[in-house]
Amino acid sequence: MKLVTFHTKTSQESLFGLVINEKFVVSFASIMKKQGTFVDSLQSMDSYLQHLPASHAAAKELMQHAVGQPHQFNENEICPIAAVKLLPPVPNPAALIDFGLTPRHLRNAGVNLLQREYTGPEREER
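1. Here we look at helix α3 (residues 54-68)
If you check α3, its first and last C-alpha atoms are 22 Å apart, about what 15 residues at 1.5 Å a residue would give, namely 21 Å. Residues of α3 that are buried include every one of S55, A58, A59, L62, M63, H65 and A66, and no others. Looking straight down α3, one finds that the buried residues subtend no more than 160° of arc, so they occupy a single side. Every exposed residue of α3 that faces more than 90 degrees away from the buried side is listed here: E61, Q64 and G68. The inward-facing, buried residues of α3 contact β2 (11-20), β3 (24-27), α1 (28-35) and α2 (45-50).

Written as structure tokens, this is what we have:
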């Protein structure tokens, strides 16, 4: 399941939804409207992340409905992926972590540095 936040050509409202068959994008709001249901945790990526794992199960159920019945959506509800503007997947990240500074990475970098240490004539020996 590929989740996306996007704008359509007709609206600058941020929509949260999913990619169908690698070609189309549909918002969870459109799927819920067709089903006559409402899942609060699928209003945005932030709410989805806050309500895991229950939100994942709900998203998966809605995805199955959309994939099984794509003909029920009109052209304003389901769009070719090339016709939408994809937004950052997580609009407001809680933290940015530099995985380059993990202990494992630092250890490997140190070993690599020592293996390639320059020992030419310009280096002063102590």
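After that view, the rundown keeps rolling.
2. Examining the packing of α1 against α3
The interhelical angle for the contact between α1 and α3, taken along N-to-C directions, is 70°, at an axis separation of 10 Å. Relative to α3, the element α1 lies roughly perpendicular. Contacts between α1 and α3 involve F28, I31, M32 and Q35 on the former and, on the latter, A59, L62, H65 and A66. Of the residues assigned to the contact of α1 with α3, the class counts are six nonpolar, two polar and no charged.

3. Observations regarding the pattern of salt bridges
Here the structure, examined in full by the defined rule, presents two salt bridges. Taking the shortest distance from any N to any O, the salt bridge between E77 and K34 comes out at 3.4 Å. Of this pair, E77 sits in the loop between α3 and β4 (78-80) while K34 sits in helix α1, and the two are 43 residues apart along the sequence.

4. Some remarks on the pairing of strand β1 (residues 3-8)
Counted residue by residue, β1 has five buried out of six residues, so it is predominantly covered. Examined bridge by bridge, β1 and β2 share five bridges and lie antiparallel to one another. Within β2, the residue paired with F6 across the bridge is L15. Hairpin connection of β1 to β2: two residues between the antiparallel strands. Pairing of β1 with strand β5 (residues 85-86), which is carried by two bridges, proceeds in the antiparallel orientation. Following the sheet pairing, H7 is matched in β5 by K85.

What counts and what doesn't
Counting from 1, residues in each chain are numbered in the order their sequence is written. Where local features are concerned, this predicted model is filtered to residues with pLDDT of at least 70; where side-chain atom pairs are given and counted, the filter is 80 or more; whole-chain, interface and lining totals use all residues. To obtain the side-chain values, all non-hydrogen atoms of the structure were used and water was disregarded. Strands here are runs of E lasting at least two residues and helices are runs of H or I lasting at least four, both read from the DSSP assignment and numbered beginning at the N terminus. Given the number of residues in a helix, its expected span is that number minus one, multiplied by 1.5 Å. Relative accessible area decides the class of each residue, using a 1.4 Å probe on protein chains only: under 20% of the type maximum gives buried, over 50% gives exposed, and in between gives partly exposed. The reported arc concerns the directions from the helix axis to the C-beta atoms and nothing else. Contacts: residue pairs with any heavy atoms within 4.5 Å of one another. Helix axes are fitted only over the stretch in contact, all axes being lines through C-alpha atoms; the angle between N-to-C directions runs from 0 to 180 degrees. Orientation labels follow simple angle bins: below 35 degrees gives roughly parallel, above 145 gives roughly antiparallel, 65 to 115 gives roughly perpendicular, and whatever is left gives oblique. Throughout, the ten residues Ala, Val, Leu, Ile, Met, Phe, Trp, Tyr, Cys and Pro are labelled nonpolar, Asp, Glu, Lys and Arg are labelled charged, and all others, Gly among them, are labelled polar. Any carboxyl oxygen of Asp or Glu that lies within 4 Å of a side-chain nitrogen of Lys or Arg is treated as forming a salt bridge with it. Two strands are counted as paired when DSSP detects at least two bridges linking them.

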